[in-house]
Amino acid sequence: MKLKRGLSRIWAHLYRVKLVRPHMPFWRVVVEARLDRRAKNWPKRFDTAVAAVYVWARTIEEAEGLAALAVEGEGLEALTCDAKKCAPAAAPRREPAAVARGELGFLPRLDGETGAEGPSRRDARA
């Protein structure tokens, strides 16, 4: 989902000049997610994705939960979420909501990577 431009820029300006105060904080949540191949046909060369999700929420936990639900709706399984308060880019909301998701950044699958359950990489040489 994307933010519609136009009136949303007015709210951001009014917030910066302190004429408007949102009902709840605006959060930028960075989500690292595994591609769910059962839900969507993702390219084979990618294993995980990173995306920024913008959320209106009361607490950091609520923001991270809403962001995880937003990416799960698009065929991703959230692994980690990291939220940070930021200036709002849309009209202030009264109820929690995920309002936009940034572009996905894909991380390629490394050949021969076994994961955490495989052999240790200690003493590996670059």
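Residues numbered from 1 in each chain as written. Predicted model: local features only at pLDDT ≥ 70, side-chain atom pairs only at ≥ 80, totals over all residues. Heavy atoms only, no water.

**A word on the pattern of salt bridges**
Counted only if it meets this: One side-chain nitrogen of Lys or Arg within 4 Å of one carboxyl oxygen of Asp or Glu is enough to make a salt bridge. For the exposure calls, accessible area comes from a 1.4 Å probe over protein chains only, and a residue counts as buried if that area is under 20% of its type's maximum, exposed if over 50%, partly exposed in between.
Per the counting criterion, the structure on display carries 4 salt bridges. The residue Arg 38 makes a salt bridge to Asp 36 at a minimum N-O spacing of 3.3 Å. Accessibility expressed as a relative area gives 73% for Arg 38, which makes it exposed. Each of Arg 34, Asp 36, Arg 38 and Glu 77 takes part in one network of salt bridges that share partners.

**Here we look at helix 2 (residues 60-72)**
Our working rule: A run of H or I in DSSP counts as a helix once it spans at least four residues, and a run of E counts as a strand once it spans at least two, with each numbered from the N terminus. The span you would expect from a helix comes to 1.5 Å times its residue count less one. Should any heavy atoms of two residues lie within 4.5 Å, those residues are counted as being in contact.
Between its terminal C-alpha atoms helix 2 stretches 18 Å, which fits the 18 Å expected from 13 residues at 1.5 Å a residue. Turning to helix 2, the residues buried within the fold contact strand 1 (26-35), strand 2 (46-56), strand 3 (76-85) and strand 4 (97-101).

**Some remarks on the confidence of the model for the chain**
Counted only if it meets this: Confidence scores per residue from the predictor, reported as pLDDT, run from 0 to 100.
Mean pLDDT for the chain: 76, with 75% of residues reaching 70 or above. The low-confidence segment residues 114-126, where pLDDT is below 50, has 3 contacts with residues more than four positions distant or belonging to other chains.

**Re the pairing of strand 4**
To keep things clear, this is the line we draw: Strand pairing is defined by DSSP finding a minimum of two bridges between the two strands.
Most of strand 4 sits out of view: 5 of its 5 residues are buried. Where strand 2 lies against strand 4, 4 bridges are found, and the strand directions are antiparallel. Note on strand 4: the bridge partner recorded for Trp 56 is Ala 97.

**Concerning the nonpolar core**
Worth spelling out the cut-off: Nine residue types can take part in a nonpolar core, namely buried Ala, Val, Leu, Ile, Met, Phe, Trp, Tyr and Cys, and a core is a set of them joined through side-chain atoms within 4.5 Å.
Membership of the largest hydrophobic core comes to 18 residues, with the highest contact counts inside it found for Val 29, Val 31, Val 53, Val 55 and Leu 76. Contributing elements (two or more residues each) for this core: strand 1, strand 2, helix 2 and strand 3. The dominant element in this core, judged by the number of residues it contributes, is strand 1, at 5 residues. The residues touching Leu 76, leaving out its near neighbours within four places in the chain, are Ala 33, Arg 34, Leu 35, Asp 36, Trp 42, Ala 49, Val 71 and Leu 104.

**Details of the environment of Asp 47**
Position of Asp 47 relative to the elements: it lies in strand 2. A sequence separation of 12 residues divides Asp 47 from Leu 35, and the C-alpha atoms of the two residues are 6.1 Å apart.

**Quick look at the pairing of strand 2**
Put simply, side chains in a regular strand alternate between the two faces of the sheet. Buried residues dominate strand 2, accounting for 8 of its 11 residues. Pairing geometry for strand 1 and strand 2, over 9 bridges, is antiparallel. Paired with Val 29 across the strands is Val 53, a residue of strand 2.

**Points about the environment of Asp 36**
With respect to the secondary-structure elements, Asp 36 resides in the loop between strand 1 and strand 2. Sequence separation between Asp 36 and Glu 77 is 41 residues; the distance between their C-alpha atoms is 6.1 Å. Residues within four places of Asp 36 in sequence aside, it is in contact with Trp 42, Gly 75, Leu 76 and Glu 77.

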